[in-house]
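Here is how the chains run, residue by residue.
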Amino acid sequence: MYAVVTNCTREKLDFASPARDLYRGPSVQRVVKVVDEARSQGVPVSLYIISARYGLVGEHDVIEPYDETLSGRSHEEIKRWAHAVGLHTALRRLAERSTVILVVTKAYYIAVEDVACQYDVYVLAPFKACGRWIKTGNFDRHIALRKLLKSLWSSAPQEGARRRRRGSGDRE
């Protein structure tokens, strides 16, 4: 199982909605599209969003809109916030059962950096990061995400073999 984790955006709907729909910023919408494409190809992937108000939320969690951000906060404030909302605990649990792929901005990476380093998660970012860092630009992280999910899925021994058998016309 793969878990894609991205961060919230300023642009939101004006009413309570599932997290994947609430955030209207292009960065979240691009990630949602890539996750949906991967699922349509049989990739077992889940989507989580780091919310500046709620911490780590699942894509189908219905949440209220808000006006908060981590941008502009000091490293110390961001790390205190992450502990206060239980972000580290939530991300650790996720990393223990999934291959985590972070597609986050610098402020949100700072919030999860300790866990990212401890669990060697994938980080798609234009800044240097620990874990399995894949350098991207600010506006092409979704392209790198698409390539990474395709690569991971095609090299997964069990899932890839099942997919090839189904695709070859053999009946299971």
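This text gives an overview of the structure that appears in the document. Sequence order sets the numbering: in each chain, residues are counted from 1 along the sequence as written. For a predicted model such as this one, the threshold for reporting local features is a pLDDT of at least 70, and the threshold for listing and counting side-chain atom pairs is 80 or more; totals across whole chains, interfaces and linings nevertheless cover every residue. Note that the side-chain values use all heavy atoms of the structure and ignore hydrogens as well as water.

## What to know about the state of the cysteines
By disulfide we mean two sulfur atoms from cysteines, separated by a distance within 2.5 Å. Applying the stated criterion across every chain, the model contains one disulfide. The partner cysteine of C117 in its disulfide is C130, sulfur to sulfur 1.7 Å. Judged by the torsion about the S-S bond (-95 degrees), the C117/C130 disulfide is left-handed. You can see C117 sitting in helix α5 (residues 106–119) and its partner C130 sitting in the loop between β7 (122–125) and β8 (132–135), a full 13 residues away along the chain. Helix and strand assignments come from DSSP, with helices taken as H or I runs of at least 4 residues and strands as E runs of at least 2, each series counted from the N terminus.

## Observations concerning unusual backbone geometry
The phi dihedral of D120 falls on the positive side, at around 55 degrees, and the residue is not glycine. Relative accessibility thresholds used throughout: buried, under 20% of the residue-type maximum; exposed, over 50%; partly exposed, between the two (1.4 Å probe, protein chains only). For D120, a relative accessible area of 36% puts it in the partly exposed group.

## Quick word on the pairing of strand β6 (residues 99–103)
Consecutive side chains along a regular strand alternate between the two faces of the sheet. Judged by how many residues are buried, β6 sits mostly within the fold: four of five residues are covered. Judged from the five bridges that link them, strand β1 (residues 2–7) and β6 form a sheet pairing that is parallel. Within the sheet, the bridge partner assigned to V5 lies in β6 and is L102. Relative to β7, β6 runs parallel, the two sharing two bridges. In the strand pairing of β7, I101 is matched with Y122. Each parallel crossover has a hand, and for β6 linked through α5 to β7 it is right-handed. Any two strands with at least two DSSP-identified bridges between them are counted as paired. Crossovers are marked right-handed if the path from the first strand over the helix to the second runs clockwise, as seen with the strands pointing away from the viewer.

## Here we look at helix α3 (residues 75–84)
Of all the positions in α3, only I78, W81 and A82 are classed as buried. With its buried residues spanning 100 degrees around the axis, α3 presents them on a single face. Those residues of α3 that are exposed and aimed more than 90 degrees away from the buried face are E76, R80, H83 and A84. At its buried positions, α3 is contacted by β3 (45–51), β4 (55–58), α4 (87–97) and α5. At the C-terminal side of α3, G86 shows a positive phi close to 75 degrees. The arc refers to the directions leading from the helix axis to the C-beta atoms. It only takes one pair of heavy atoms within 4.5 Å for two residues to be counted as in contact.

## Looking at the packing of helix α2 (residues 26–40) against helix α6 (residues 141–155)
Where α2 meets α6, the closest approach of the two axes is 9 Å, and the angle between their N-to-C directions is 20 degrees. Taken together, the axis directions place α2 and α6 in an arrangement best described as roughly parallel. Handedness of the crossing formed by α2 with α6: right-handed. Across the interface between the two elements, S27, R30, V31, V34, E37 and A38 from α2 touch R141, H142, L145, R146 and L149 from α6. The nonpolar class holds Ala, Val, Leu, Ile, Met, Phe, Trp, Tyr, Cys and Pro. Asp, Glu, Lys and Arg form the charged class, and all remaining residues, Gly among them, are polar. The residue inventory of the contact of α2 with α6, partitioned by class, reads five nonpolar, two polar and four charged. Inter-axis angles, ranging from 0 to 180 degrees, are taken between N-to-C directions of lines fitted to C-alpha atoms, where helices are fitted over the stretch in contact. Reported orientations rely on four angle classes, namely roughly parallel under 35 degrees, roughly antiparallel over 145, roughly perpendicular from 65 to 115, and oblique for the rest. When the near helix sits turned anticlockwise from the far one by under a right angle, the crossing is termed left-handed; a clockwise turn instead gives a right-handed crossing.

Geometric descriptors of this kind do not, in isolation, establish any biological role.
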